[in-house]
2 protein chains.
Amino acid sequence: MVSDTNKTQAESIADKIRTLILNGTFQPGQPLRQEALSEHLNVSRTPLRHALQSLAENGLVETTGFKGARVAKPDPGMVDDLFAMRMLLEPLALKSAFQHHTKLDFAAAEMALDAAENEQQPSRLSDLNWTFHDALYRPSNRHTLLRTIEHLNRASALAEVIASSIVARPEKSAAEHRQLLEACKKGDETGAIALLGTHLQSAHHDIRNRNPRECPSSTE
Amino acid sequence: MVSDTNKTQAESIADKIRTLILNGTFQPGQPLRQEALSEHLNVSRTPLRHALQSLAENGLVETTGFKGARVAKPDPGMVDDLFAMRMLLEPLALKSAFQHHTKLDFAAAEMALDAAENEQQPSRLSDLNWTFHDALYRPSNRHTLLRTIEHLNRASALAEVIASSIVARPEKSAAEHRQLLEACKKGDETGAIALLGTHLQSAHHDIRNRNPRECPSSTE
DNA sequence: GAAACCATAATTGTATCCAATATTGATTTA
DNA sequence: TAAATCAATATTGGATACAATTATGGTTTC
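Residues numbered from 1 in each chain as written. Chains lettered and ligands numbered in written order. Predicted model: local features only at pLDDT ≥ 70, side-chain atom pairs only at ≥ 80, totals over all residues. Heavy atoms only, no water.

Residue and element names in this part refer to chain B. Along strand S3 (residues 68-71), the buried face is formed by Ala69 and Val71; none of Gly68 and Arg70, which line the opposite face, is buried. Note: strand S1 (residues 31-32) against S3, 2 bridges, orientation antiparallel. Within S3, the residue paired with leucine 32 across the bridge is alanine 69. In this sheet, S3 lies alongside strand S2 (residues 61-64) in antiparallel orientation, the contact comprising 4 bridges. When the sheet's bridge partners are listed, threonine 64 is paired in S3 with glycine 68. Where S2 folds back onto S3 in an antiparallel hairpin, the turn is made up of 3 residues, including glycine 65, whose phi is positive at roughly 40°. (Buried < 20%, exposed > 50% of the residue type's maximum accessible area, 1.4 Å probe, protein only. Helix = DSSP H or I, 4+ residues; strand = E, 2+ residues; numbered from the N terminus. Pairing = 2+ DSSP bridges.)

Residue and element names in this part refer to chain B. With respect to the helices and strands, the residue glutamine 121 is situated in the loop between helix H5 (103-117) and helix H6 (122-137). Exposure remark for glutamine 121: the relative accessible area of 32% places this residue in the partly exposed category. Spatially, the C-alpha atoms of glutamine 121 and threonine 19 are 9.4 Å apart, while their sequence positions differ by 102 residues.

Turning our attention to the protein's contact with DNA strand C. Neighbouring DNA strand C are 17 residues, the closest being Arg45, Arg49 and Gly65 of chain A together with Gln9 and Ser44 of chain B. Taking the atoms of DNA strand C that fall within 4 Å of the protein, sugar and phosphate contribute 76% of them. Contacts to DNA strand C include arginine 45 of chain A, whose side-chain N or O atom sits 2.8 Å from a base nitrogen. In this structure, alanine 10 of chain B approaches DNA strand C through a main-chain N or O atom, which is 3.4 Å from a phosphate oxygen. (Near = heavy atom within 4 Å. Polar contact = N/O pair within 3.5 Å; in protein donor to acceptor, adjacent residues only side chain to side chain.)

Turning our eyes to something else, we now look at the domain arrangement of chain A. Residues and elements named next belong to chain A. Assigned domains of chain A: these are domain 1 (9-71) and domain 2 (76-208). With centres defined by C-alpha atoms, the gap from domain 1 to domain 2 works out at 26 Å. The interface of domain 1 with domain 2 comprises 9 residues on the first partner and 13 residues on the second. The contact between domain 1 and domain 2 buries some 960 Å² in all, and 60% of this surface belongs to carbon and sulfur atoms. (Domains from an automatic or database assignment. Contact = heavy atoms within 4.5 Å. Buried area = accessible area lost by both parts, 1.4 Å probe.)

Moving on to the packing of helix H4 (residues 76-98) of chain A against helix H4 (residues 76-98) of chain B. Relative to each other, H4 of chain A and H4 of chain B sit at 150°, their axes nearing to 10 Å. On the basis of their axis angle, the class for H4 of chain A and H4 of chain B is roughly antiparallel. In terms of crossing hand, the pair formed by H4 of chain A and H4 of chain B is right-handed. Contacts from Ala84, Met85, Leu88, Leu89 and Leu92 of chain A in H4 of chain A reach Ala84, Met85, Leu88, Leu89 and Leu92 of chain B in H4 of chain B. Of the residues in the contact of H4 of chain A with H4 of chain B, the class split is 10 nonpolar, no polar and no charged. (Axes fitted to C-alpha atoms, helices over the stretch in contact; angles between N-to-C directions. Parallel < 35°, antiparallel > 145°, perpendicular 65-115°, else oblique. Left-handed = near helix turned anticlockwise from the far one by under 90°. Nonpolar A, V, L, I, M, F, W, Y, C, P; charged D, E, K, R; others polar.)

Around DNA strand D sit 16 residues, and of these Thr8, Gln9, Ser44 and Thr46 of chain A together with Gly65 of chain B come closest. Taking all atoms of DNA strand D within 4 Å of the protein, the share assigned to sugar and phosphate is 72%. Here a phosphate oxygen of DNA strand D sits 3.2 Å away from a polar atom, N or O, in the main chain of alanine 10 of chain A. Taking glutamine 34 of chain B, its side chain carries an N or O atom lying 3.0 Å from a phosphate oxygen of DNA strand D. Those elements that provide at least two residues to the surface near DNA strand D are helix H1 (9-22) and helix H3 (45-57) of chain A together with helix H3 (45-57) of chain B.

Our next topic: the interface of chain A and chain B. The interface of chain A with chain B comprises 25 residues on the first partner and 25 residues on the second. Buried surface at the junction of chain A and chain B, summed over both partners, amounts to about 2,100 Å²; 55% is from carbon and sulfur atoms. Considering only the surface of chain A that becomes buried against chain B, His50, Glu57 and Asp81 of chain A emerge as the three largest contributors, covering 25% of it. Applying the counting rule to chain A against chain B returns 2 salt bridges. Across the pair aspartate 81 of chain B and arginine 142 of chain A runs a salt bridge, and its minimum N-O distance is 2.6 Å. At the level of secondary structure, the elements contributing two or more residues to the side of chain A that touches chain B comprise H3, H4 and helix H7 (143-162) of chain A. At 9 residues, the largest contribution of residues to the side of chain A that touches chain B is made by H4 of chain A. Here the side of chain A that touches chain B is built from residues that sort into 10 nonpolar, 9 polar and 6 charged. (Salt bridge = Lys/Arg side-chain N within 4 Å of Asp/Glu carboxyl O.)

If you want it as structure tokens, here you go:
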């Protein structure tokens with residue numbers, strides 16, 4: 001999200017489309033026509049197709065055969081799976097990173113939390129959310145593990161946005177994040193891992209127990 | 001692998017390229033030039049690019065900026081991560097599927113094992129390997145969980161092939177598979193989960209303790 | 001009047017061509 | 001002679017044109 005420099009055009013518009021989805025401009029189930037999108041984003045269909053494919057692999061859009069792509073609409077089963085996996089994998093990442101945390105990592109995490117306080121846009125909040133977790137996990141240097149976790153987080157983002165659990169209760173998430181960060185700073189490994197678990201459980205619970213806003217139920 | 005019917009051309013050649021990689025025709029680190037590949041597979045560069053992107057998302061090739069794509073060469077850290085994740089996620093899938101196993105699932109699993117006995121080609125063995133595990137996990141109906149596990153399995157395949165742990169010791173893997181299947185048939189849930197754990201540990205161990213065959217160390 | 005069938009249009013996938021970027025090699029200069 | 005610079009080539013990313021597939025609407029037939 002920093003800038004489009006050194007980034008292929010397909011990646012740039014993938015970010016843009018992801019933002020449009022997370023901000024609710026494109027609602028779940030809505031079909032994403034290639035020609036309309038390409039002219040809307042002022043690009044050709046070629047990079048657009050690459051962007052859609054990338055988003056499909058990340059679970060934000062669902063694409064099938066020759067029928068085109070639509071914004072994914074996460075069902076409860078998908079949300080359960082995503083959080084079940086995150087609850088298994090993220091503690092491992094945190095545990096592996098714990099010995100290698102530096103002040104810079106904590107600073108990066110704190111900066112993300114501070115920025116989130118004054119942010120309303122769901123896509124930005126989602127990004128900052130991941131930035132925080134990533135700051136705590138990355139020192140593990142387990143790139144493959146982190147890549148999978150990032151996928152799961154980005155896929156969860158859509159469900160979180162739909163349930164309005166990010167924008168509606170930012171203070172709750174923020175408090176949990178701060179507690180987690182403090183435990184990490186203190187070097188309280190078991191405490192931090194426990195806090196991470198409850199944080200994920202809490203997020204999962206909030207998503208499940210909120211009625212998703214009615215979306216115009218695309219033609220099926 | 002059944003047939004190319006109803007499959008987009010990009011997907012078909014993605015399968016072909018994956019086969020070529022797993023069978024050792026394309027060695028790890030080797031650059032994959034688009035024009036050469038496209039004329040070799042008798043397709044245009046457009047679907048080829050989609051295939052490469054798909055393979056990149058699955059971890060079989062690494063693509064960077066404008067420099068092109070190369071066959072991925074899995075480092076030990078990647079292998080460790082993949083198996084650490086599989087050891088956490090696959091028991092969950094098996095556990096979730098356990099109550100819903102039918103005779104058809106067991107038959108499908110057994111068929112895959114039988115087919116593997118008379119198979120030499122690494123890519124086929126890798127496919128059959130996944131077919132077996134998938135047969136035991138799919139009744140869980142947890143599609144999102146299964147999709148992630150499939151990614152991890154396909155990414156592990158390359159490392160397994162490089163270490164020759166599939167082709168060199170098929171009988172060991174086969175024995176573990178049969179034991180696991182028997183436990184499932186008996187309804188011994190805890191036993192099956194334990195066997196799955198040791199099976200994954202064994203596979204991981206075999207990969208780590210074999211010297212990868214020297215590959216012509218592509219130009220860096 | 002309902003269902004099957006065929007033609008037309010809309011949309012996606014593929015091939016070809018052009019632009020942008022990276023790599024290679026020679027040439028020049030210190 | 002070695003290093004830097006710049007031109008020429010090779011390779012990838014993107015735009016446009018074409019083919020294949022699917023969806024849609026009307027017509028026909030029972």
